[in-house]
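A look at the structure
Residue strings, one per chain:
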Amino acid sequence: MKYTIAFMLFLCGSMNWAVASDIEIPEPLEPWVEWVKANSPDMDCPMQYGDVGTKQCRWAGTLQLDVWEDGGVFSQQFTTYSESWLLLPGERSYWPDSVRLNNEPAVILQHEGFPALRVAAGEHHVSGTFKWKQLPISLALPVDTGIVNLSIDGDAANVNRDQQGKLWLKTGVSHDALAEADRLDLQIHRRFTDLSPMRMEARLILDVSGKQRETLLSGVLLDGFIPIDLNSPLPARLEQEGMLRLQLRPGHWEISIIAYRPGEVTTITVPQATKQMPAQQELWSFESQNHLRLVEPEGLQQVDPRQTTLPQAWRKFPAFIAHASEPDKPAEVLKLKQIRRGDPDPEPDRINLARTLWLDFDGKGYTVQDKLSGAITRSWRLESAPDLDLGRVAINGKNQLITRMAEDDGQGVEIRRGNLDLVADGRYEGSVQHVPLGWKHDMNQASVTLKLPPGWEIFSVSGVDNNPHSWIQRWTLLDLFFVLIVGVAVARLRGYLWGLVSLVTLALTWHVDLAPHLVWLYLIAVLALLRVVPAGKMYMPLLWSRNLLFIGLILIAVPFIVLQARYGIYPQLEKMPLYESAARYPVSSMAPRGSADQVMMEKAGKMKRELYYSSRQDKRMNQMLDIQSIDPDANIQTGPGLPNWEWNSFTLEWNGAVTKDQTIDLTLIPPGLYRVIHFLRILLVLLLAYGLISDKSSGGIKGWLASFTLRLPARPGDEGEKANA
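Below is a short write-up of the structure. Per chain, the residues get numbers from 1 upward, laid out in the order the sequence is written. Reporting of local features is limited, given that this is a predicted model, to residues whose pLDDT is at least 70; pairs of side-chain atoms are given and counted only at 80 or more, and all residues count toward the totals for whole chains, interfaces and linings. Excluding hydrogens and water, the side-chain figures rest on all heavy atoms present in the structure.

Section: the overall build of the protein
We apply this condition: Here a strand is any run of E in DSSP of at least two residues, a helix any run of H or I of at least four, and the numbering for each starts at the N terminus. Residue contacts are defined here by distance: any two heavy atoms, one from each residue, within 4.5 Å place the two residues in contact. Computed with the Shrake-Rupley method and a 1.4 Å probe, the accessible areas treat only the protein chains shown as cover for residues.
Helix and strand counts for the protein stand at twelve helices and 40 strands. When contacts within the protein are restricted to residue pairs at least 6 apart in sequence, long-range pairs at least 24 apart make up 72% of them. Approximately 40,300 Å² of the protein is accessible, and the part contributed by carbon and sulfur atoms is 55%.

Structure representation (structure tokens):
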């Protein structure tokens, strides 16, 4: 109960300091106020937007410094919002003396390298003196001291400070010269973004000359706008009623203020001219958001943004001149005429699908990983088809809860952002020959990477636009030409039966690595020449060419036969797998217990949660609440484990849009049939080689063996020619 009350008081105290005092604390909680403040001493300090842990608990006013040859005096006003350190001018070599706090003697200490006083919240006036033998070259000043009025030997001097904050005490100019040089040129550019709520970014461009001084600018924050960010190189503070307090020093400065206006905005009033607003006109830029509402700006003079001094990124939006009117005249107003709210006819969803399919080793289903990207403009829920069983869905790297709208509908997830970055893991248990798209949405682009386990091969593919590396798609006209030439030649030499054997052999081996290819064509050509060339000088070279080709065929066929036998027995050796790093998923509450992997995953999940809560306690004040985040202990579906192997990989693509009823038709060769094909290749290569070697027209096997001797074998028909002679 004590910590609950403390947390409630902490929330009350963490609000903006300008309105915190107006909050009434319930009477039962009043005794706890001091206890909560003791644990949060900077509760009442102004905070920086987006980083509530950084607070400014002190505001240093103008430093009045009068120095001469043997000493000096200083005085400065401070405002503190909690117990704080007041950093004073000086350093170890030049330590201040006779320091008084609110006209009372004070003891100074050293803090952050400067003389300092520890004071309570409130207004404080500090004064003191310096003593030195001669005027020093420089004097150290705290960084948060913005304005310095310096006089040397009674004459007003120019303030010269470097980036380290040192004040150089040498040259100066007269007070009259400084007064004449005091000048402030101000330009104000505003960009309004028609979001919900409306966002305004104001850029103030200041050209300052003269002495350092403090000024108050009115009309910087327009009526109805709430500031959320102030970025200024000069000490700056937003006061009430939209006024900006600045501590000026010579130079060129740019200040940025971001604010928003809640509710529906139909008019924006131009601030009126005052003594605190040197700018007589402003340049406004309006960025419409037509998907939220369509408006027509009117009421102000429109100008060409390319002819203005607006930032380059703002010049693509309509620009207007906003004139500051006199107090006794009506102010100019930018009116936003609403034509349409929302987008009744948004653009179609543009979804790109990149799918990876892993076929099961038994060929009964696929493991699926889909990566969806693009833009969602119409539907805010993505649903899968009933035949795709989603197991895990992550959006922008965060796991999402998978839901089902009705019993007959597919699974899906809610999408709350226009840009899509989704990864889905699941299972498909339908026909492996006909693979559907799997989503109830048309795809702008789609591609599929199909990964087959060892022993599986694709015979043909249809339903895609590209030419995958299947058995049918590998064939070209040149391949068919060579195979037919060899088949016809063998049929003419050895008959139609051997011609058919040669066609089947080359059809099964033509695209296989290390298989004999062109050697068949050369061997058939030599055998045909041996039939017609008479005995003589040309016959012996042809005979030895035949012998060398037979030897080459043996040298090529033996490694091929060995590999085919190995792959037929062990198909996983055909291509060495490329293992990928295993994906890590959160621990599922439904996973079976007892395994070593499960224990390690539970330890990793516990360590992750401990680190999460530890970092959350350390950075609780520096993080914004994300209402769309998921409880780290929630039971979110983790899906099936993804395979990390890769043997045969095929890329299937479409050139254009893909409808939701698109399917991929596959003709797969199962491992049993593929094993038979391996051994059939061996048998056919041996059979075709035997058919060519046993050609009787060239002497058969005996003639081939005899041709290795020095004796020339008799050609068929030579004995008949001798008898006729």
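Structural notes on the sheet that holds strand E27 (residues 333–341)
Stated formally: Think of it this way: DSSP has to see at least two bridges between two strands before they count as a pair. Where helices are involved, their axes are fitted lines through C-alpha atoms of the stretch in contact, as for all axes, and angles between N-to-C directions lie from 0 to 180°.
Here we have three strands laid out as an open sheet, ordered E22-E27-E24, and antiparallel in their pairing. Each edge of the open sheet carries a strand with a single partner, namely strand E22 (267–269) and strand E24 (293–298). Neighbour-to-neighbour, the strand axes of the sheet open up by a mean angle of 20°, direction not taken into account. Note that E22 and E27 share three bridges and pair antiparallel. Paired with Ile-268 across the strands is Leu-334, a residue of E27.

Looking at the pattern of salt bridges
Note the cut-off: Counted as salt bridges are all cases of a side-chain nitrogen of Lys or Arg within 4 Å of a carboxyl oxygen of Asp or Glu. Summary of the burial criterion: residues with accessible area below 20% of their type's maximum are buried, those above 50% are exposed, and those between are partly exposed, where the area comes from a 1.4 Å probe applied to protein chains only.
Within this structure, the stated rule accounts for 22 salt bridges. Between Arg-427 and Glu-429 there is a salt bridge, with its nearest N and O atoms 3.0 Å apart. By relative accessible area, Arg-427 is classed as buried at 17%. Taken together, the shared-partner salt bridges in this structure form one network comprising Arg-191, Glu-201, Arg-203 and Glu-287.

Some thoughts on the sheet that holds strand E33 (residues 403–404)
Each strand in a sheet pairs with another by means of backbone hydrogen bonds, the pair being arranged parallel or else antiparallel. The strand order across the open sheet built from three strands is E30-E34-E33, with neighbouring strands paired in antiparallel fashion. Sheet topology places strand E30 (381–383) and E33 at the edges, where each strand pairs with a single neighbour. Alignment of E33 against strand E34 (residues 411–414), held across two bridges, turns out to be antiparallel. Within E34, the position partnered with Thr-403 by the bridge is Gly-412.

A word on the packing of helix H5 (residues 477–494) against helix H7 (residues 518–532)
Quick reminder of the rule: When describing relative orientation, an angle under 35 degrees is termed roughly parallel and one over 145 degrees roughly antiparallel, while 65 to 115 degrees is termed roughly perpendicular and anything else oblique. Two helices cross in a left-handed way if the nearer one is turned anticlockwise from the farther one by less than a right angle. They cross in a right-handed way if the turn is clockwise. Lys, Arg, Asp and Glu make up the charged group, whereas Ala, Val, Leu, Ile, Met, Phe, Trp, Tyr, Cys and Pro make up the nonpolar group; the residues left over, Gly among them, are polar.
Where H5 contacts H7, the axes come no closer than 10 Å and their chain directions differ by 30°. The angle between H5 and H7 places the two elements in the roughly parallel class. The two elements H5 and H7 meet at a crossing, and its hand is left-handed. Note on element contacts: H7 touches H5 through Leu-518, Trp-520, Leu-521, Ile-524, Leu-527, Ala-528 and Arg-531, opposite Phe-482, Ile-485, Val-486, Ala-489, Val-490, Arg-492 and Leu-493. Its residues assigned to classes, the contact of H5 with H7 comprises twelve nonpolar, no polar and two charged.

Let's talk about the packing of aromatic side chains
Rules: Any two of the Phe, Tyr and Trp rings considered here, Trp counted by its six-membered ring, make a pair once their centres fall within 6.5 Å; the pair's planes then place it as stacked at under 30 degrees, edge-to-face at over 60, or tilted in between.
In the structure shown here, the tally under the stated rule is 13 aromatic pairs. Aromatic side chains Phe-361 and Trp-645 sit 5.5 Å apart centroid to centroid with 70° between the ring planes, which places their arrangement in the edge-to-face category. Here Trp-645 lies in the loop between helix H9 (596–618) and strand E39 (648–653) and Phe-361 lies in the loop between strand E28 (350–359) and strand E29 (366–375), a separation of 284 residues in the sequence. Of the residues examined, Phe-361 reaches a relative accessible area of 49% and is grouped as partly exposed. Look at Trp-645 and you get buried, because its relative accessible area is 9%. Taken together, Phe-74, Tyr-94, Phe-130 and Trp-132 form an aromatic cluster joined through their ring pairs.

Comments concerning the side chain of Ser-502
The residue Ser-502 is located in helix H6 (residues 496–509) in this model. The buried category is assigned to Ser-502, whose relative accessible area is 0%. Among residues more than four places away in sequence, those in contact with Ser-502 are Val-486, Gly-487, Val-490 and Leu-688.

Some remarks on a nonpolar patch on the surface
Going by this rule: Each patch is assembled from residues with relative accessible area greater than 30% and no salt bridge, linking like charges that lie within 9 Å and nonpolar side chains (Val, Leu, Ile, Met, Phe, Trp, Tyr) that lie within 5 Å.
A grouping of Ile-569, Tyr-570, Leu-573 and Phe-679 is seen on the molecular surface, where their side chains present a nonpolar patch of about 380 Å² in accessible area. Its place among the elements puts Ile-569 in helix H8 (residues 539–569). Taking relative accessible area as the criterion, Ile-569 reaches 49% and is therefore assigned partly exposed.

Notes on the packing of H7 against H8
In contact at an axis separation of 9 Å, H7 and H8 are set at 155° when each is read in the N-to-C sense. Between H7 and H8, the angle falls in the class roughly antiparallel. Relative to H8, H7 is oriented so that their crossing is left-handed. Across from Val-519, Trp-520, Tyr-522, Leu-523, Val-526, Leu-527, Leu-529 and Leu-530 in H7, the residues of H8 making contact are Tyr-539, Leu-542, Leu-543, Ser-545, Arg-546, Leu-549, Phe-550, Leu-553 and Ile-556. Split into classes, the residues belonging to the contact of H7 with H8 amount to 15 nonpolar, one polar and one charged.

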